[in-house]
Amino acid sequence: MFAADFEYYRAGSVAEAGQLLAAHPGAKLLAGGHSLIPLLKLRLAAPAAVIDIGRIAELRGISTDGDGLRIGALTTHAEIAASDTVKEHAAALAEAASQIGDPAVRNRGTIGGNLAHADPASDLPTVLAALGATMTVKGSGGERTIDAADFFTGMMATSLGDNDLLTAIRVPSAAGRGNAYVKFSHPASRYAVIGVAASIGIGTTGGGWMAKIKGEPKETVCTDVAVAIGGLVPKPLRCSAVEAALKDQAPSEPAFAAAAAAVSGDLGDDLLGDVFASGDYRKAVASVYVQRAIEAAAGRVG
Amino acid sequence: MKVPVRITVNGRLFEREVEPRLLLVHFIRVFAELTGTKVGCDTSQCGSCTVLIDGVSAKSCTTLAVQADGANVTTIEGLADGEKLHALQESFWNKHGLQCGFCTPGMILASHELLRTNASPSDDEIRHGLEGNICRCTGYQNIVRAVKDAAEATAAADK
Ligand SMILES: Cc1cc2nc3c(=O)[nH]c(=O)nc-3n(C[C@H](O)[C@H](O)[C@H](O)COP(=O)(O)OP(=O)(O)OC[C@H]3O[C@@H](n4cnc5c(N)ncnc54)[C@H](O)[C@@H]3O)c2cc1C
Ligand code: FES
Ligand code: FES
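What counts, and where the lines are drawn
- Residues numbered from 1 in each chain as written.
- Chains lettered and ligands numbered in written order.
- Predicted model: local features only at pLDDT ≥ 70, side-chain atom pairs only at ≥ 80, totals over all residues.
- Heavy atoms only, no water.
- Core = buried A, V, L, I, M, F, W, Y, C linked by side-chain atoms within 4.5 Å.
- Buried < 20%, exposed > 50% of the residue type's maximum accessible area, 1.4 Å probe, protein only.
- Helix = DSSP H or I, 4+ residues; strand = E, 2+ residues; numbered from the N terminus.
- Domains from an automatic or database assignment.
- Contact = heavy atoms within 4.5 Å.
- Buried area = accessible area lost by both parts, 1.4 Å probe.
- Salt bridge = Lys/Arg side-chain N within 4 Å of Asp/Glu carboxyl O.
- Polar contact = N/O pair within 3.5 Å; in protein donor to acceptor, adjacent residues only side chain to side chain.
- Nonpolar A, V, L, I, M, F, W, Y, C, P; charged D, E, K, R; others polar.
- Near = heavy atom within 4 Å.
- Areas by Shrake-Rupley, 256 points an atom, 1.4 Å probe, with all protein chains shown as cover.
- Pairing = 2+ DSSP bridges.
- Phe/Tyr/Trp six-rings, centres within 6.5 Å; stacked < 30°, edge-to-face > 60°.

All right, on to the nonpolar core then. All names here are of chain A. The biggest cluster of nonpolar side chains holds 37 residues, and the ones touching the most others in it are Leu 93, Leu 115, Leu 128, Met 135, Ile 169 and Val 171. Take this core: its biggest share by element is six residues, from helix H8 (residues 124–131). Split by domain, this core shows at least three residues from each of two domains, domain 1 (7–172) and domain 2 (178–299). The residues touching Leu 93, leaving out its near neighbours within four places in the chain, are Ile 71, Ile 80, Val 86, Leu 124, Val 127, Leu 128 and Val 171.

In structure tokens, the structure reads:
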């Protein structure tokens, strides 16, 4: 398969990418190419110009500062999966990156491309929704940040404008919380049929004046529960019913099962499905994956 | 529009003017005239087009030649050291890791990537590492044996 012809420009810096975008309206950015090149080959996309940002060194790399992780948009899935820094601060992200496609896909695909493409079957949007990440975006009006909750606007749609470049992803420190990503992979494509990311803190409650008088012990409970699901919905969905059902509950198998069952309320009935896995089927198994994710996250607190 | 590229394939430099839409796999097969690298699915699923770009595996049907400008590409033809086969080529032969051979160039380069990142993989790790490569002949059992054998032979040779 051959793509339709296009003009090719290579940006050496973020500033140059901005100039090229302004000079070539309708141009597509090329990072790892593992979502864009298949679209070009199928001629589902036929831009007049492609701007290759794949060599911009300032967009690569993983670092930490006081409030968490900063990951450059061009960092590959393989680099994220292998990073001890990511494993320490956002285990779910490393876990998700390590399950994307296959090794060759992970060697070339980038986190920025994955998020900008916003495929409902992608893994990283779900994780970043649960971890409360923010995207740093450079546009013609300068730099701004967008919360993950506002970044994804629909199926393969984001709030990125035509001249916007996603430069970095910030993930707040998960200190004291555990997080995990659990995925039901499509057996052939390995994209997510269902993906669930969870972040959970465990603290104590009780200890009110009555408990103090009675000498009752404080109770260990789940705090700061964040759960997001993807694969069967157009964009990552925060599961507020699951979160509410688990918050302030003692971490136990029955509590996890009850909270996971609440996902049917979050999902509604209009779900994505295909010939391999219908929406109904996905809904029926979703709670199993939610339960696995919250159990794994709770097991990592500490 | 044509764009000048300099791509080294198996140690030999090719300087060509290419259309930006040219895929790396076609650069390798048409310009470098090396047809060991196969186009199977042409949709990034089967791995028969796997090559190494600067030592790291990539699907050359999902990479533009312009993206490999300046890079060192290794194909199946570049793996042997003269007449001496690479340990993986030797083990695929000895363990019957191929039948028709169509998937084999990609399978061997994907195995090369696996051993680069994990020198002594378990059977399970081998199967995971080769997830992006499809073989319609062997049933994979002998491919797993071959990779294991190559890992052991390499470890023994390094001792
Ligand atoms: C066989 C196969 C299996 C896969 N399996 C999975 C899977 O299991 N899970 C999963 O999540 N993904 C999967 N993917 C997709 C993969 O993760 C892609 O790498 C990713 O979606 C896109 O990243 P990229 O760097 O390749 O982006 P590109 O393809 O280069 O770009 C994708 C889109 O994002 C835009 N873009 C890229 N970078 C930026 C930026 N910095 N700022 C603004 N816009 C930008 C481009 O213009 C384009 O529209 C798979 C892909 C393949 C080929
Ligand atoms: S031909 Fe490239 S993956 Fe099948
Ligand atoms: S040996 Fe025939 S496809 Fe693998």
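From this point, the discussion proceeds with the structure in view.
A few words on the domain arrangement of chain A. Residue and element names in this part refer to chain A. Domain parsing of chain A yields domain 1 (7–172) and domain 2 (178–299). The gap between the C-alpha centroids of domain 1 and domain 2 is 26 Å. Contact with domain 1, which involves 26 residues of that partner, is made by 24 residues of domain 2. Taking both partners together, domain 1 and domain 2 bury about 1,800 Å²; carbon and sulfur atoms supply 56% of that area.

Time to look at the interface of chain B and chain A. Each partner contributes residues to the interface: chain B has 29 residues there, and chain A has 31 residues. Summing the contributions of chain B and of chain A, the shared interface buries around 2,400 Å²; its carbon and sulfur component is 54%. The interface formed by chain B and chain A contains three salt bridges. We note a salt bridge from Asp 102 of chain A to Lys 59 of chain B, for which the minimum N-O separation is 2.7 Å. For the pair chain B and chain A, the interface holds 13 residue pairs in polar contact (both at pLDDT 80 or more). Taken together, the elements giving at least two residues each to the side of chain B that touches chain A come down to strand S4 (56–59) and helix H4 (123–129) of chain B. In terms of residue count, the dominant contributor to the side of chain B that touches chain A is S4 of chain B (four residues). Of the residues that constitute the side of chain B that touches chain A, the class distribution is eleven nonpolar, eleven polar and seven charged.

So, on to the site of ligand 1. Residues in close proximity to ligand 1 total 32 residues, the closest being Leu 29, His 34, Leu 36, Thr 110 and Arg 190 of chain A. The environment around ligand 1 is built from residues contributed by chains A and B. Lys 28 of chain A is positioned with one of its side-chain polar atoms (N or O) 3.3 Å from an oxygen atom of ligand 1. One of the side-chain nitrogen or oxygen atoms of Lys 183 of chain A is found 3.1 Å away from an oxygen atom of ligand 1. The fraction of the free accessible surface of ligand 1 (980 Å²) that becomes covered by protein chains is 96%. Going through the elements one at a time, strand S2 (28–30), helix H7 (111–117) and strand S10 (165–172) of chain A are the ones with two or more residues in the shell around ligand 1. If you tally residues by element for the shell around ligand 1, the top one is H7 of chain A, at four residues. Within the shell around ligand 1, the residues separate by chemical class into 13 nonpolar, 14 polar and five charged.

Residue and element names in this part refer to chain A. Side chains of strand S3 (residues 49–52) alternate between two faces, with Ala 49 and Ile 51 and Val 50 and Asp 52 buried alike. Direction of pairing for strand S1 (residues 7–10) relative to S3: parallel, over a ladder of four bridges. Bridge pairing in S3 places Glu 7 opposite Ala 49. Sheet topology places S2 next to S3; three bridges connect them, and they run parallel. Bridge pairing in S3 places Leu 29 opposite Ile 51.

With that settled, consider the packing of aromatic side chains. Considering all chains together, one arrives at five aromatic pairs over all chains under this definition. Centroid distance Phe 151 of chain A to Phe 152 of chain A: 5.0 Å. Interplanar angle 85°. Geometry classified as edge-to-face. The two residues Phe 151 of chain A and Phe 152 of chain A agree in class, both being buried. When the ring of Phe 14 of chain B is compared with that of Phe 27 of chain B, the centres are 6.5 Å apart and the planes differ by 90°; the resulting orientation is edge-to-face. With a gap of 13 residues between them, Phe 14 of chain B in strand S2 (residues 12–18) and Phe 27 of chain B in helix H1 (residues 24–31) connect regions that are remote in the sequence. Across this residue pair, the class does not change: Phe 14 of chain B and Phe 27 of chain B are buried.

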